[in-house]
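So you can see what is in the structure, the chains are spelled out below.
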Amino acid sequence: MVIEDQNKDIEQLIRDLARKLLKEKEVDVILGYTKGTIPLTSLPIVIDKVEDVDKLIWNNLCYINLAKYLVPRIPTLMNEEGQKLKVGIVSKGCIGRALIHLSVEHQIDLENIKIIGIPCNGIINRKKIEDEIGEREIFEISVSGDNIIIKGEDLEQTLPFNEYLNDLCKTCQVKSPPSIENICVGECLENPVIEDDFSDMTEFDSKTPEEKWEYIKNLLDTCTRCYACREVCPMCYCNLCFVDQNQPVWFGKTTAYSDIFTFHLIRAMHMAGRCVGCGACSSVCPMGIDLNLINRSLEKIAKERFNFTSGIDPEALPPMMAFDMEDDQEFMMEED
Amino acid sequence: MSRIQYPSNIRIVRVPCSGRVNPFFIIKSLLRGWDGVVVSGCHPGDCHYVSGNLVARRRFAILQDLLNLFGIEPDRVTFMWSSASEGDRFANLIKKVTKNIKRLGPNKKFESTW
Amino acid sequence: MTEAKKELEKVKKEIVVTGNEKPQVGVYVCDCGINIAGVVSVPDLVKYAETLPDVAVAREYKFFCSDTGQNIIKEDIQSGLINRVVVAACSPRMHEPTFRLVCKEAGLNQFLFEQANIREHSTWVHMKDPEGAFEAAKDLIKMSVAKARELKPLEVKTVSIEPACLIIGGGIAGMNSALDLATEGYKVYLVERTPTIGGHMAQLDKTFPTMDCSACILTPRMVDVARNENIELLTYSEVVEVTGYVGNFEATIMKKPHYVDQEACTGCGVCVDYCPVVTGNEFDLGLATRKAIYIPFPQAVPGKYTIDMDNCIKCGICAREDVCEPDAIRYDEEPEYMKVKVGTIIIATGWDLYDPTGLKQYGYGRYPNVIDGLQMERLLSSTGPLDGKPTRPSDLKAPHSIAFLQCVGSRNFREGGNQYCSRVCCMYATKQARQYKEKHPDADVYIFYMDVRAFGKGYEEFYESAGKNYGINYIRGRIAEVSEGEDHSIIIRAEDTLLQEPMELKVDMFVLSCGLESRSDAGEVASLVRVQRSSDGFFMEAHPKLRPVDTLTEGIFIAGVAQGPKDIPDSVAQAKGAASSAATLMAKGEVEMEPFFAVVRPDRCIGCGMCVENCTYGAIELIDDRHFGKIASINQALCKGCGACSGNCRCSAIDIFGFTGEQIFSIIMGGEL
Ligand SMILES: Cc1cc2nc3c(=O)[nH]c(=O)nc-3n(C[C@H](O)[C@H](O)[C@H](O)COP(=O)(O)OP(=O)(O)OC[C@H]3O[C@@H](n4cnc5c(N)ncnc54)[C@H](O)[C@@H]3O)c2cc1C
Ligand code: SF4
Ligand code: SF4
Ligand code: FES
């Protein structure tokens, strides 16, 4: 099926399920996507009436990880009596993973939500398109057949969909949310088995430390420390992020490269075994920094060291929440 | 205890257990200008606090992997086990650490540069 | 009380420090005799300390741990000059308590003290690099001052102590500790893993140097242990888990199934006559046999029977009514588990004999007439398999000549050997040689030695008389190898190092005086109770000279050979010392706990629960706070202050008193921002 038709099917699936859940009072509200006001965007929307269900959309620009809106730090959806509302949440695979992981970390109660599973067919990478189009302003972007159509002033360009996808969507093995009984509706994965050889990492891994340093420096150098990545990340739900902590001030807040990379290093540390690979951080970065390399290595560390993939099994503890006598310790120094 | 000699360019910070060592301490030390950081704990199974070192080991494994990812020289930060009775081993490892760090030269990557 | 102390008592006033006033640090740099002052210039360190921020005074003294030294600090506190104390001296392990007490006695909160370890971390280990040592000492002082500025007063917490002691191992050491504690009125759980108490001493025939009969002095003690109301004797049992902390340990003990109801068994022993299975007797080191249903030796305590299920064929004969009249046989018995609460623990697990099989040149295990010292002990024993009339294993004839080889597996720096001296072998070989000569005055007895160590009371005399009055030939020399001659005799090739001549000797029997080793499972016991071992494998004492019966884990003590090779008198002395240390602790009724707990900052905690999973002690739970929502909460009674939780917390929401993030931060920054 061409992408255009897949999108239509997914959108239909969302609307049908949303309508059914609302009608049968299975949920109080639906959290989903609607059209954004500027090209290359989509917006989150909360719907509480069956009539509004058609406002829900699906396209390849729906990069936001909606799970973020359920963490305690975000104002909770309540009714007039101040009771928590039951939420149906439109979930591509990475949203499902985020929800499951958040429940492991006691941040949400799965009992209180319904996961509306959809088979995600990939998110378009804005940076790749901008690199292609240059400075020119884009008015509209759409999918036709298996192509992306870009319209702007003096501009109409057709690009093959597959080449402009996020890299992470190419390695993604959890396109639909992992299934949980009584919580999931729609399209979900029964007992997903993740088999990843991380071959996309081989090239980077073979670099020397100096080459890696240069590569990462090139990647992160333009970071303005706007923290958009953090704000959009479903796993960044701390009351007070480590970069903002005082007493003592562990990390500088300047845009000296030492401050930039230590921020990203510690953030990565805090994401290990937790990142669900949704790529929202890269999509949202105003400087177009793609954090996929870092996020992929986080998945790799968790998988290869601790045989763990985040957000698959609500019963499994992430690496930093557990320990094991038998863990590898090849990195520890030994006498010659 | 043992008076086995080891290089004098190392300063020791006392913590209750390797489990106490937050990655913040390590990174901050490097930002502060120390040329290398060593974290030493009791051997697995011998931790005075039972499993503090096992919790720490996962943390350090991840940190070490990430330091490698970011292109920090692998020998800037060293993790090791050495028990209270292993004066020899401690001295040998510290000698090895200082040798490694001398080879790397000063810690430039953590210098504040724009 | 010294004059100075009295003076101080008079003027003593409580110093109130809230932690918010400007820190005034006093730095006290100790010469430690020449330990520190012999390597670095202490006056220069003092001068340097004076330049550090918030340092009000810096002083030098020969020994700050001495009375006079302590008073110098006290006076500065009392006069209001300082409100934080840094002593730059030795390791806090020894003197932190001393200086905390100094603060306390001078009216200052004891946790406003910090020790800079410029001895173990500088002058000792950089002795050959005085300049480097000086720089290191400067920095260590700077770091301690930086931390001291961040110290906050803390309150000690006291917890009550369970007046009971768990003793692991029922050898002569464990038994003596048990009897002493029980006599003082403490409840004792004596856990022994074999079916009887007594340990190795029960295997000995006579004891050097007095030559009294081992069983005669041991058996009455064993009976005393069994009879004592305060001792709960748990033989054929093992400790499988220990949780808790000083004053409040909880141990889980597994009682292995005897397959014989210990209450019902009268010890009549009829079953033994009927049991058809014959197997080797461990107690006699394979030199004799026993049945599948057995007691280790006739005087065993308790004298109840046990079935060795590895060898039992379940024929059912012993269960017959006409065999076991009290109907005590239980083939399907399961292990039983019991939990006990104790305030203190004594480890008295003893030793294993060095296994000489690996030393191929001595032929042990290959030639029948090569035996080890403990086997010789059994052969000599009047209650042993040969009724005290030693014969050669090969033909059961009394040997005309015997050679002993000393230091087997001991004082050996090569692989497979132990570096230490086992301390008892010279004496036991002398003892055994004498015993044999008493029985066979015509026999030729040789002892090959490196040098004879006769350090104990009456030992040198004992050794002297062995040569003089018994005609035992001591030959200083190492044996290169032995081979077997005709009639299973042993041909020894050695060098007499006094005559500097090679020699060859043919003997009827060859005895290897093997050394003592730490128990093969000492590592497991160490992790079970969380104590450390020294590099020789024996349990490690808290201080080799001053705290030889304590371990580094509060409330846990060691006794007997478990701590290192020693003879019976020393084992007993240490056992009594351990009992007394345990009793001293328990007599107080309560212990002070260092208030180094984890504390949660509720405004930062997001309730992710990571710390809950990281804490081995189960000290953290997530609670619903009315104001902050779901947050972590610490049970201070369980928290040990390890910091595993704090090291992982992303939110810096959990901190450890005494090692707070701010304190470590200031150490790293050296007091600068
Ligand atoms: C051949 C020989 C002859 C000797 N002759 C003399 C002599 O004449 N005079 C003299 O003074 N010394 C002599 N010694 C030394 C003497 O044997 C020791 O000093 C003495 O045995 C020390 O007693 P102990 O209680 O420390 O250890 P042990 O006797 O080894 O007792 C330890 C007990 O703990 C038990 N145990 C071990 N592990 C556990 C566990 N995990 N759980 C429960 N229970 C456990 C063991 O079963 C044992 O019963 C001799 C030694 C040898 C080898
Ligand atoms: S203290 Fe830290 S680790 Fe523990 S629940 Fe709070 S945020 Fe999580
Ligand atoms: S410091 Fe933290 S992990 Fe350690 S015992 Fe206390 S609560 Fe548990
Ligand atoms: S006490 Fe935990 S590592 Fe040493």
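Residues numbered from 1 in each chain as written. Chains lettered and ligands numbered in written order. Predicted model: local features only at pLDDT ≥ 70, side-chain atom pairs only at ≥ 80, totals over all residues. Heavy atoms only, no water.

**A few points about the overall build of chain A**
The helix and strand tally for chain A stands at 10 helices and 8 strands. Taking 2.2 N^0.38 as the reference for a compact globule, 336 residues should give roughly 20 Å; the C-alpha atoms of chain A span a radius of gyration of 21 Å, in line with that estimate. Along the first, second and third principal axes, the C-alpha atoms of chain A reach 70 × 50 × 40 Å. Across the 336 residues in chain A, those meeting the buried criterion constitute 55%. Long-range pairs, those at least 24 residues apart, make up 68% of the contacts in chain A between residues at least 6 apart in sequence. For chain A, the accessible area works out to roughly 15,100 Å², and carbon and sulfur atoms hold 47% of it. Both charge centroids of chain A, one from 35 positive and one from 58 negative side chains, sit 5 Å from each other. (Helix = DSSP H or I, 4+ residues; strand = E, 2+ residues; numbered from the N terminus. Rg over C-alpha atoms; globule rule 2.2 N^0.38 Å. Buried < 20%, exposed > 50% of the residue type's maximum accessible area, 1.4 Å probe, protein only. Contact = heavy atoms within 4.5 Å. Areas by Shrake-Rupley, 256 points an atom, 1.4 Å probe, with all protein chains shown as cover. Lys, Arg positive; Asp, Glu negative; His and termini not counted. Charge placed at Lys NZ, Arg CZ, Asp CG, Glu CD.)

**Focus on the packing of helix 6 (residues 130–150) of chain C against helix 17 (residues 661–669) of chain C**
Residues and elements named next belong to chain C. The contact between helix 6 and helix 17 brings their axes to 8 Å, and the two run at 150°. Classed by the angle they form, the pair helix 6 and helix 17 counts as roughly antiparallel. Here helix 6 and helix 17 pass one another in a crossing that is right-handed. Contacts between helix 6 and helix 17 involve Met143, Ala146, Lys147 and Glu150 from the former and Glu662, Gln663, Ser666 and Ile667 from the latter. Split into classes, the residues belonging to the contact of helix 6 with helix 17 amount to 3 nonpolar, 2 polar and 3 charged. (Axes fitted to C-alpha atoms, helices over the stretch in contact; angles between N-to-C directions. Parallel < 35°, antiparallel > 145°, perpendicular 65-115°, else oblique. Left-handed = near helix turned anticlockwise from the far one by under 90°. Nonpolar A, V, L, I, M, F, W, Y, C, P; charged D, E, K, R; others polar.)

**Quick word on the state of the cysteines**
With the rule as written, the count across this model stands at 1 disulfide over all chains. Residue Cys213(C) pairs covalently with Cys216(C) via a disulfide, S to S 2.2 Å. Taking the sign of the S-S torsion, about 90° here, the bridge from Cys213(C) to Cys216(C) comes out right-handed. Note on Cys312(C): no disulfide assigned, nearest cysteine sulfur contributed by Cys318(C) at a separation of 6.4 Å. Residue classification places Cys312(C) among the buried residues on the basis of a relative accessible area of 18%. Lacking any disulfide linkage, Cys651(C) is separated from the closest cysteine sulfur, that of Cys238(A), by 3.1 Å. Overall, Cys651(C) belongs to the buried group, its relative accessible area being 4%. (Disulfide = S-S within 2.5 Å.)

**Some thoughts on the sheet that holds strand 7 (residues 155–160) of chain A**
Strand pairing in a sheet is mediated by backbone hydrogen bonds. Such pairs are either parallel or antiparallel. Residues and elements named next belong to chain A. Read across the sheet, 3 strands follow the order 5-6-7 without closing on themselves; strand pairing throughout is antiparallel. Whereas interior strands pair on both sides, the edge strands pair on one side only; in this sheet they are strand 5 (138–144) and strand 7. For this sheet, the mean inter-axis angle between neighbouring strands, taken without regard to orientation, is 20°. Where helix 3 (residues 126–133) meets the sheet, it contacts strand 5, strand 6 (147–152) and strand 7, and its direction lies at approximately 130° from that of strand 7. (Pairing = 2+ DSSP bridges.)

**A word on the nonpolar core**
Across soluble globular proteins, you tend to see nonpolar side chains buried next to one another. Of all hydrophobic cores here, the largest spans 171 residues; its most connected members are Ile30(A), Leu99(A), Ile129(A), Leu220(A) and Ile26(B). With near-sequence residues (within four places) excluded, Ile30(A) lies in contact with Ala18(A), Leu21(A), Leu22(A), Ile45(A), Val46(A), Ile47(A), Leu56(A), Gly88(A), Val90(A) and Ile116(A). Core analysis: the second largest hydrophobic core is formed by 100 residues, Met175(C), Ile197(C), Tyr367(C) and Phe538(C) among them. (Core = buried A, V, L, I, M, F, W, Y, C linked by side-chain atoms within 4.5 Å.)

**Re the sheet that holds strand 21 (residues 401–408) of chain C**
All names here are of chain C. Here we have 7 strands laid out as an open sheet, ordered 20-26-21-22-23-24-25, and mixed in their pairing. Both outer strands of the open sheet, strand 20 (370–372) and strand 25 (501–507), are each paired with one neighbouring strand and no more. Recorded for the sheet is a direction-independent mean angle of 35° between the axes of neighbouring strands. The sheet strands contacting helix 10 (residues 373–380) are strand 20, strand 21 and strand 26 (509–514), and the helix crosses strand 20 at an angle near 90°.

**Quick notes on helix 3 (residues 87–104) of chain B**
All names here are of chain B. With 18 residues, helix 3 should reach 26 Å at 1.5 Å per residue; the first-to-last C-alpha distance of 26 Å fits that figure. Every buried residue of helix 3 is listed here: Gly87, Arg89, Ala91, Leu93, Ile94, Lys96, Val97, Thr98, Asn100 and Ile101. Looking at the packing, one finds that the buried side of helix 3 touches strand 1 (37–41) and strand 2 (77–81). With its phi angle positive at about 80°, glycine 105 sits one or two positions after the end of helix 3. (Expected span 1.5 Å × (residues − 1).)

**Describing the domain arrangement of chain A**
Each assigned domain of chain A is listed with its residue range as follows: domain 1 (126–164) and domain 2 (199–321). Computed from C-alpha atoms alone, the centre-to-centre distance between domain 1 of chain A and domain 2 of chain A is 29 Å. (Domains from an automatic or database assignment.)

**What to know about empty space enclosed by the protein**
Residue and element names in this part refer to chain A. Under the criterion given, the structure shown has 16 cavities of 30 Å³ or more. Approximately 170 Å³ is the volume attributed to the largest cavity. Among the elements of the structure, helix 4 (167–171) and helix 10 (292–306) are those that each provide at least two residues to the lining of the largest cavity. Taken together, the residues that form the lining of the largest cavity break down as 4 nonpolar, 6 polar and 4 charged. (1 Å grid on protein atoms, 1.4 Å probe; cavity = no way out; pocket = protein on both sides within 12 Å on 5 of 7 lines; lining within 4 Å. Points joined across faces, edges and corners; volume = space filled by probe spheres on them.)

**Some remarks on the interface of chain B and chain A**
With 45 residues of chain B at the interface, the matching set in chain A holds 48 residues. Roughly 4,400 Å² is buried in total at the junction of chain B and chain A, and carbon and sulfur atoms are behind 71% of that figure. Of all residues in chain B, Phe24(B), Arg58(B) and Phe70(B) bury the most surface against chain A, accounting for 21% of the area lost on that side. Run the count over chain B and chain A and you get 6 salt bridges. Here Glu334(A) makes a salt bridge to Arg89(B), at a shortest N to O gap of 2.9 Å. Between chain B and chain A we count 14 residue pairs in polar contact (both at pLDDT 80 or more) in total. Looking at the side of chain B that touches chain A, the elements that each hand over two or more residues are helix 1 (23–32), helix 2 (52–69), strand 2 and helix 3 of chain B. If one sorts the elements of the side of chain B that touches chain A by residue count, helix 2 of chain B sits on top with 15 residues. Considering only residue class, the side of chain B that touches chain A consists of 25 nonpolar, 10 polar and 10 charged. (Buried area = accessible area lost by both parts, 1.4 Å probe. Salt bridge = Lys/Arg side-chain N within 4 Å of Asp/Glu carboxyl O. Polar contact = N/O pair within 3.5 Å; in protein donor to acceptor, adjacent residues only side chain to side chain.)

**Let's talk about the site of ligand 3**
Taken together, the neighbourhood of ligand 3 is formed by Ala598(C), Cys615(C), Tyr617(C), Ala619(C), Ile620(C), Cys639(C), Lys640(C), Gly641(C), Cys642(C), Gly643(C), Cys645(C) and Ile656(C). Residues of the shell around ligand 3, tallied by class, amount to 9 nonpolar, 2 polar and 1 charged. (Near = heavy atom within 4 Å.)

**Some details on the pairing of strand 1 (residues 29–35) of chain A**
All names here are of chain A. Counted residue by residue, strand 1 has 6 buried out of 7 residues, so it is predominantly covered. Here strand 1 runs beside strand 2 (residues 42–47); their pairing, made up of 6 bridges, is antiparallel. Its bridge partner being in strand 2, threonine 34 is matched across the sheet by leucine 43.

**Regarding the interface of chain C and chain A**
Across the contact, 22 residues belong to chain C and 22 residues belong to chain A. Contact between chain C and chain A buries roughly 1,900 Å² in total, counting both sides, with carbon and sulfur atoms accounting for 55%. Of all residues in chain C, Arg604(C), Ile606(C) and Arg650(C) give up the largest surface area on contact with chain A, accounting jointly for 35% of the area buried on that side. Our enumeration of links across chain C and chain A arrives at 1 salt bridge. The salt bridge involving Arg650(C) is made with Glu105(A); its shortest N-O contact spans 3.7 Å. Viewed at the interface, chain A and chain C are joined by 10 residue pairs in polar contact (both at pLDDT 80 or more). If you list the elements that add at least two residues to the side of chain C that touches chain A, you get helix 15 (610–614) and helix 17 of chain C. The dominant element in the side of chain C that touches chain A, judged by the number of residues it contributes, is helix 17 of chain C, at 4 residues.

**Concerning the pattern of salt bridges**
Note on pairing: side chains with opposite charge can pair once their charged atoms come close. All chains considered together, the criterion is met by 66 salt bridges over all chains. Across the salt bridge formed by Glu105(A) and Arg274(A), the nearest N and O atoms sit 2.7 Å from each other. Linking Glu105(A) in the loop between helix 2 (93–104) and strand 4 (113–117) with Arg274(A) in the loop between helix 8 (257–271) and helix 9 (280–284), this pair joins segments that are 169 residues apart in sequence. Relative accessible area serves as the criterion here: at 2%, Glu105(A) is assigned to the buried category. The structure contains a network of salt bridges with shared partners spanning Glu210(A), Glu73(B), Arg76(B) and Lys109(B).

**Section: the site of ligand 2**
Contacts to ligand 2 come from Cys605(C), Ile606(C), Gly607(C), Cys608(C), Gly609(C), Met610(C), Cys611(C), Ala632(C), Cys649(C), Cys651(C), Ala653(C) and Ile654(C). Of the residues contributing to the shell around ligand 2, the split by class is 10 nonpolar, 2 polar and no charged.

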